[in-house]
Amino acid sequence: MRLSTIDKKNQGTVSKMDEYVSKTPTSRVLYGRAKKVLPAGVSYGIRYFEPYPFFTAKARGSKLYDVDGNKYVDFWLGHAALILGHSPKEVVKAVKKQLENGTHYGTSHEMEIALAEQVVKMVPSVEMVRFTNSGTEANMYATRLARAFTGRDMIAKFEGGWHGGYDALHVGVKQPFDLPESAGLTRGALQDTVLLPFNDLEGVEKRLRNKQPACIVIEPVLGAGGAVPAEKEFLKGLRELCDRNDILLIFDEVITGFRLAPGGGQQFYGVKPDITVLGKILGGGFPVGAFCGSKKIMERINNVAYERPHYSFHGGTFAGNPMTMVAGLTTLKILEDGVVTSRLNRLGDEIRQTLGQIFEKHNVDAQVIGLGSLFNVHFTKERIRDALTVFRADKKKLLEYNLTLIANGIFFLPAHCGALSTAHSEADIQKLFKKTQDYLRHHGK
Ligand SMILES: Cc1ncc(COP(=O)(O)O)c(C=O)c1O
């Protein structure tokens, strides 16, 4: 059944699951194939959702098109990486040109300098940069660098903080926090990681009593943790605490970098970290990560200046890949003056406010939280300041809401944070409001 037919019907009589299944027969067949060769039928566990994920055929601007011809307004945006939407023309043009000149060199080239210079120009605390292929890798190297620089083993991260699958940081992401996040994590890999309470400076001080970690890693906005913003005073307090104790403060800006402001969360909040981890937007739609900081800290990567075991290793076959560098540079130049970011942040405010009012009007206990162009709905009355509150919200209801939206042409990866891009139109936003109202009419209190 085509989307338009469902839209017209919208009786609320057909269950959202049936509605979704009836519209996605080809995806269902593909999922049967996928399950045989890809565990859970996906390339990343979080991309699975009930009853099966749709399979994307193409993407352009703010839209995803699946193999059955359904069109979705995309608020997932490739894990919040695509701030200019899918295949923006400027990036496509630059990448096409690079394609003719080589997809991968494995040697030094000017584009990696140019992108590093651009990052230095835009991100307040950064003097030097090293590129990786993912945010996970960048966090792994950043943590190692902090350990190398301070000579300490212990590291600290926050409850609900997601920094990728690197062992030492893959802890305390979901509740219950004392349950291992994954099989195969050794006690040795985790024993030096301390878990801290988000937005609670006193709690942080308490848990760090008699402990001296090399670094504290924090997302300025808990992304996978539910789009929970850090409070400004909390971040400031954390900076001071780190200064007092010679702890390196690491901002994981894989999501917030170039999104909250041209210079990321650190510019938005006015708090400078010692090391910044970047990803997503930095790659302009291509795989990327980076860790960066002051010359003094980053120089510890310099294998020419430091001998083994005094330098901190970093490297990789595709590090500084020219396709990524060109796509990233084109993207950052568009974001540099802040015009785009301000507009998206205003749009984010509008979404939080209007969606919030819609839930209120229908007497539904829900909140729309987030910051700038990041937002997330949580079905709870409780004031949300950390991931624990998010975990206490009604997730079943959120999944139902998200699947109903999907069946009606709006895509959030169920239960995950939404993001905005320059490709989103007023009509896209109005559609989100309208479909939420329709959902509440049929499924509200
Ligand atoms: C804040 C944050 N850090 C790190 C990562 C890991 O990045 P990647 O998936 O590129 O490895 C993510 C991914 O979603 C993230 O949101």
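Quantities reported herein were computed from a predicted structural model and do not represent experimental measurements.

Novice: Got a minute to help me understand the site of the ligand in this structure?
Specialist: Residues in close proximity to the ligand include S134, G135, T136, N139, W162, H163, G164, E219, D252, V254, I255 and K280, which together make up its full environment. One nitrogen or oxygen atom from the side chain of T136 is found 2.5 Å from an oxygen atom belonging to the ligand. K280 is positioned with one of its side-chain polar atoms (N or O) 2.8 Å from an oxygen atom of the ligand. For the ligand, whose free accessible area comes to 390 Å², the fraction covered by protein is 86%. Looking at the shell around the ligand element by element, the count peaks at 3 residues for helix 7 (residues 135-150).

Novice: It is not clear to me how the nonpolar core should be interpreted in this structure. Could you clarify?
Specialist: Nonpolar side chains in soluble globular proteins tend to end up buried together. Of all hydrophobic cores here, the largest spans 52 residues; its most connected members are V119, F258, L282, Y401 and L432. With 7 residues, the top contributor of residues to this core is helix 14 (residues 339-361). The residues contacting Y401, other than those within four sequence positions of it, are L355, F359, V377, F379, L432, T436 and Y439. Grouped together as the second largest cluster of nonpolar side chains are 38 residues, L82, V221, F251 and A419 included.

Novice: Just to check I follow, could you spell out the packing of aromatic side chains for this structure?
Specialist: How two aromatic rings sit relative to each other is set out by the distance from centre to centre and by the angle between their planes. Scanning all chains against the criterion turns up 22 aromatic pairs. Centre to centre, the rings of F268 and Y269 are 5.5 Å apart; their planes meet at 70 degrees, and the pair counts as edge-to-face. Owing to a relative accessible area of 5%, Y269 belongs among the buried residues under this scheme. Chaining the aromatic ring pairs together yields one cluster made of Y20, Y31, Y48, F49, Y52, F54, Y72 and F411. Between the NZ or CZ atom of K58 and the centre of the ring of Y65, over which it lies, the distance is 5.0 Å. One cation-aromatic arrangement involves R300 over Y306; the distance from NZ or CZ to the ring centre is 4.8 Å.

Novice: Quick question: what am I supposed to make of helix 14 here?
Specialist: In an α-helix there are 3.6 residues to a turn, and that puts residues three or four apart on one side. If you check helix 14, its first and last C-alpha atoms are 33 Å apart, about what 23 residues at 1.5 Å a residue would give, namely 33 Å. Among all positions in helix 14, only V340, T341, L344, N345, L347, G348, I351, R352, L355, G356, I358 and F359 are buried. Taken together, the buried residues of helix 14 touch helix 11 (264-269), helix 13 (322-335), strand 13 (367-371), strand 14 (374-378), helix 16 (395-407) and helix 17 (426-443). Downstream of helix 14 by a residue or two, N363 has a phi angle that is positive, lying close to 55 degrees.

Novice: For this particular structure, what's the right way to read the sheet that holds strand 1 (residues 56-60)?
Specialist: Backbone-to-backbone hydrogen bonds join strands into a sheet, with any given pair of strands oriented parallel or antiparallel. Spatially, the 4 strands line up as an open sheet ordered 1-2-3-15, and their pairing is mixed. Of all the strands in the sheet, just strand 1 and strand 15 (410-411) have a single pairing partner and so form its edges. Here strand 2 (residues 63-66) pairs with strand 3 (residues 71-74) via 3 bridges, running antiparallel. Residue pairing for strand 3: Y65 is matched across the bridge by K71.

Novice: Any chance you could explain the packing of helix 5 (residues 89-100) against helix 13 here in plain terms?
Specialist: In helix packing, the relevant descriptors are the interaxial angle and the interaxial distance, both defined with respect to the helix axes. Where helix 5 meets helix 13, the axes come as close as 9 Å, and the angle between the chain directions of the two elements is 155 degrees. In terms of orientation, helix 5 and helix 13 fall into the roughly antiparallel class. The crossing of helix 5 and helix 13 is right-handed. Residues E90, V91, A94, V95, Q98 and L99 of helix 5 form the contact with helix 13, whose participating residues are P322, M323, V326, A327, T330, T331 and I334. The class makeup of the residues in the contact of helix 5 with helix 13 is 9 nonpolar, 3 polar and 1 charged.

Novice: Mind showing me how you'd approach empty space enclosed by the protein here?
Specialist: One simple way to see leftover space: roll a probe sized like a water molecule over the atoms. Applying the stated rule across the entire model yields 2 cavities of 30 Å³ or more. Roughly 70 Å³ of volume is contained in the largest cavity. Residue lining of the largest cavity: L355, F375, N376, V377, L398, Y401, N402, F412, H416, G418 and L432, and that is the complete set. Contributions of two or more residues to the lining of the largest cavity are made by strand 14 and helix 16. Classifying every residue of the lining of the largest cavity by side-chain character gives 7 nonpolar, 4 polar and no charged. The volume enclosed by the second largest cavity comes to roughly 60 Å³. Every residue along the wall of the second largest cavity is listed here: A81, L82, I83, L84, G85, P88, V91, I281, G284, G285 and T331. Here the residues of the lining of the second largest cavity are counted per class, giving 7 nonpolar, 4 polar and no charged.

Novice: Mind showing me how you'd approach the sheet that holds strand 12 (residues 289-293) here?
Specialist: Across the sheet, 7 strands lie side by side as 4-12-11-10-7-5-6; this open sheet has mixed pairing. Looking at the sheet topology across the chains shown, the edges are occupied by strand 4 (128-132) and strand 6 (193-196). In this sheet, adjacent strand axes meet at a mean angle of 20 degrees when their direction is disregarded. When strand 5 (residues 155-158) meets strand 6, the two strands line up parallel, connected through 4 bridges. From the neighbouring strand, K157 faces strand 6, where its bridge partner is L195. Its contacts with the sheet place helix 7 against strand 4, strand 5, strand 7 (215-218), strand 10 (248-252), strand 11 (275-279) and strand 12, and it is angled at close to 165 degrees to strand 11. Sheet strands touched by helix 10 (residues 232-245): strand 5, strand 7 and strand 10. Its angle to strand 7, the strand with the most contacts, is close to 165 degrees.

Novice: Help me understand the side chain of N199, please; the structure alone is not making it clear to me.
Specialist: On the secondary structure map, N199 appears in the loop between strand 6 and helix 9 (201-207). A polar contact is formed between the side chain of N199 and the backbone oxygen of P229, at a distance of 3.2 Å. Only 2.8 Å separates the side chain of N199 from the backbone nitrogen of E231, close enough to count as a polar contact. Among residues more than four places away in sequence, those in contact with N199 are P229, A230, E231, F234 and R385.

Parameters at a glance
- Going along each chain's sequence as written, the residues are numbered from 1 onward.
- Only residues with pLDDT of at least 70 are given local features in this predicted model, and only at 80 or more are side-chain atom pairs given and counted; all residues enter the totals for whole chains, interfaces and linings.
- Neither water nor hydrogens contribute to the side-chain values; these are computed over all heavy atoms in the structure.
- Near, as used in this document, describes a residue that has one of its heavy atoms within 4 Å of the molecule or strand being considered.
- Pairs of N or O atoms are called polar contacts if they sit within 3.5 Å, as long as, within protein, a hydrogen donor faces a hydrogen acceptor (for residues adjacent in sequence, only side-chain-to-side-chain pairs).
- Every accessible area reported is derived by Shrake-Rupley at a probe size of 1.4 Å, with residue values counting cover from the shown protein chains alone.
- Helical segments are the DSSP runs of H or I of at least four residues, strand segments are the runs of E of at least two, and each set is numbered from the N terminus.
- Side-chain atoms within 4.5 Å link the members of a nonpolar core, which is a set of buried Ala, Val, Leu, Ile, Met, Phe, Trp, Tyr and Cys residues.
- Throughout, exposure labels follow a simple rule: accessible area from a 1.4 Å probe, protein chains only, divided by the maximum for the residue type, with under 20% read as buried, over 50% as exposed, and the rest as partly exposed.
- We call two residues contacting when some pair of their heavy atoms lies within 4.5 Å.
- Only Phe, Tyr and Trp rings are paired, with Trp represented by its six-membered ring, and only when their centres lie within 6.5 Å; those with planes under 30 degrees apart are stacked, over 60 edge-to-face, the remainder tilted.
- Note on criteria: charge over ring means Lys NZ or Arg CZ within 6 Å of the ring centre, with the direction from the centre no more than 35 degrees off the ring normal.
- Multiply 1.5 Å by the residue count of a helix minus one, and that product is the helix's expected span.
- At least two bridges found by DSSP between two strands is the condition for calling them paired.
- To get an axis, a line is fitted to the C-alpha atoms, and for a helix only the part in contact is used. The angle between two axes follows their N-to-C directions and goes from 0 to 180 degrees.
- Geometric relationships in this document are graded by angle, where less than 35 degrees denotes roughly parallel, more than 145 denotes roughly antiparallel, 65 to 115 denotes roughly perpendicular, and other angles denote oblique.
- The hand of a helix crossing depends on one turn: near helix anticlockwise from the far one by less than a right angle means left-handed, and clockwise means right-handed.
- Just so you know the grouping, Ala, Val, Leu, Ile, Met, Phe, Trp, Tyr, Cys and Pro go in nonpolar, Asp, Glu, Lys and Arg go in charged, and all remaining residues, Gly too, go in polar.
- Only protein atoms enter the 1 Å grid used here, on which a cavity is any set of points holding a 1.4 Å probe that cannot leave and a pocket is any open set flanked by protein within 12 Å on both sides along at least five of seven lines; residues with an atom within 4 Å of a point are listed as lining.
- Grid points are joined across faces, edges and corners, and a volume is the space filled by probe spheres set on the points.

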